[in-house]
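Summary of structural features
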Amino acid sequence: MNLTSSPLHTGYPQAAVKRNHLLRFAPLMLAGSMLMASHGALALTAKLGTSLPETHPQTLGAKKFAELVKEKTHGEITIQVFPNAMLGNDVSMTSMAQAGTLEFTVPSTATLASLNDNFSIVSLPFQFDSEQQADKVLDGPAGKMLLDSLKAKQLDALDFWENGFRHITNSRRPITTLEDLQGLKVRTMQNNLYIDLFNDLKANAVPMPVNELFTALETGAVDGQENPYTVIYAQHFSDVQKYLSKTAHAYDALVLLASDNFMKQLTDAQRQAIHEAADEATVYERQTSRELNSKLLDELKQTMTINDVPASERQRMRDALQPLTKRYTERLDPAVVSAFEQALASSRQQ
Ligand code: EAX
């Protein structure tokens, strides 16, 4: 099987050029960044970087978003999608979007916790019972508080997308009890909550970008990792991991981010078109993620030993993580915590 090709680090392309300065650029520059759109308006080229391969819903959703933006702006805005961490990893691409040197990216909420600790509330272990509950909470006032908070970080957070429930894979043994995690070197996202989560479960957390993970698993630098089935499949982790244990220990959301620097240059109509395209692409991305997550298990069973984790053991993991949940919740904005708790409670009543 063709293993995950290492991302071609082609360096990142030219910065998004500012509309009001473009006119001073040489015609050559105009040829690269600005073309006359079909009905005479000036056209802009923007770049969207994802950290996951072409086949993952994060990138499939990005391509749908780009298609919808081109259609809704009548060709005025063309978004080029660069998958597989070609432009950088979640952390570096988020910084580039803040700086205005990348127009769009789609990191995990775990990455955004470094910009605003309140995003940790999404990553709390066993926080959500289902994708539908996550949609209700994230698409409501509680989720909007998080998205709106990024305006202060030069980011226009457009929508929550889905990465999915995260499960543990490793090369040593099936995880069927809390104790099975002890001593395992587990790669985590570069996020303090995930690092603490696996250390509190007596594993050894090893944070690193997802595009470095396949090699770390292949060389045995780490024993395991945790991700939704779509990432496990798209990154070919099944080639270098024997066991997949269905812990569903956390739900991971992504956020479609626009650089505020880019959005400020646009007309109201173009911004409206981008928000509409984002909303439509969100429905598509979540649907694609759920369809794939439901059928990939059969695919992964071909090469991996897959086990359920008894509810009693998942409860023991949850109990063991209570101190972490309390510690992180106490650090967050009480208004955000209260909004999430209300949204979770009302979603359980429906
Ligand atoms: O962009 O880093 C990870 O494990 C995440 O699942 C993913 O890459 C989100």
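Being a predicted model, the structure only gives us computed values, none of them experimental.

In this section: the overall build of the protein. Regarding its fold elements, the protein presents 16 helices and nine strands. Residue burial in the protein is summarised as follows: out of 350 residues, 56% are buried. Within the protein, counting contacts between residues at least 6 apart in sequence, those at least 24 apart form 75% of the total. On the protein, roughly 14,400 Å² of surface is accessible, and the fraction owed to carbon and sulfur atoms is 53%.

Time to look at helix α13 (residues 268-300). Between its terminal C-alpha atoms α13 stretches 46 Å, which fits the 48 Å expected from 33 residues at 1.5 Å a residue. Along α13, the sharpest kink reaches roughly 30°, centred on Ser294.

Turning next to unusual backbone geometry. Positive phi, normally seen in glycine, also occurs at Ala85, with a value near 60°. Here Ala85 is to be found in the loop between β2 (77-82) and α4 (90-99). According to the relative accessible area criterion, Ala85 is buried, its value standing at 0%. Of note, the phi angle at Phe126 is positive, near 55°, even though the residue is not glycine.

This brings us to the pairing of strand β4 (residues 155-170). Regular strands place side chains that alternate from one sheet face to the opposite one. Burial within β4 is extensive, with 16 of its 16 residues counted as buried. Where β4 and strand β8 (residues 243-259) come together, 13 bridges link them in antiparallel fashion. Of the residues in β8, the one forming a bridge with Asn170 is Tyr243. Sheet analysis places β4 next to strand β7 (residues 224-227), joined by four bridges and oriented antiparallel. Bridge pairing links Thr169 to Gln225 in β7.

On to the environment of Ser294, then. Its place among the elements puts Ser294 in helix α13. As for Ser294 and Thr230, which are separated by 64 residues in sequence, their C-alpha atoms are 9.4 Å apart. Within polar-contact distance, the side chain of Ser294 engages the backbone oxygen of Glu291 at 2.6 Å.

Summing up the model confidence of the protein, the mean pLDDT is 90 and the portion of residues at 70 or higher is 88%. Here residues 1-23 scores under 50 on pLDDT; set against residues more than four positions off or in separate chains, the count is 50 contacts. For residues 25-33, every residue scores under 50 in pLDDT, and the model assigns this stretch 13 contacts once sequence neighbours within four places are set aside.

On to the pattern of salt bridges. Per the stated rule, a full pass over the model turns up 24 salt bridges. When the shortest N-O distance is used, the salt bridge between Arg316 and Glu179 registers 2.5 Å. Within this pair, whereas Arg316 is found in helix α14 (residues 311-320), its partner Glu179 is found in the loop between β4 and β5 (185-188), the two being separated by 137 residues in sequence. Look at Glu179 and you get partly exposed, because its relative accessible area is 36%.

Our next topic: the site of the ligand. Close to the ligand lie 13 residues, the nearest being Asp90, Asn163, Arg166, Arg187 and Asn227. Separating an oxygen atom of the ligand from a side-chain N or O atom of Asn163 is a distance of 2.8 Å. Measuring from an oxygen atom of the ligand, one finds a side-chain N or O atom of Asn227 at 2.6 Å. When isolated, the ligand has an accessible area of 270 Å², and the protein chains bury 98% of it. Sorting the residues of the shell around the ligand by element identifies β4 and β8 as the ones contributing at least two each. Partitioning the shell around the ligand into residue classes produces four nonpolar, five polar and four charged.

Rules used throughout
Residues numbered from 1 in each chain as written. Predicted model: local features only at pLDDT ≥ 70, side-chain atom pairs only at ≥ 80, totals over all residues. Heavy atoms only, no water. Helix = DSSP H or I, 4+ residues; strand = E, 2+ residues; numbered from the N terminus. Buried < 20%, exposed > 50% of the residue type's maximum accessible area, 1.4 Å probe, protein only. Contact = heavy atoms within 4.5 Å. Areas by Shrake-Rupley, 256 points an atom, 1.4 Å probe, with all protein chains shown as cover. Expected span 1.5 Å × (residues − 1). Bend = angle between axes of the 7 residues up to and from the residue. Pairing = 2+ DSSP bridges. Polar contact = N/O pair within 3.5 Å; in protein donor to acceptor, adjacent residues only side chain to side chain. pLDDT = per-residue confidence, 0-100. Salt bridge = Lys/Arg side-chain N within 4 Å of Asp/Glu carboxyl O. Near = heavy atom within 4 Å. Nonpolar A, V, L, I, M, F, W, Y, C, P; charged D, E, K, R; others polar.

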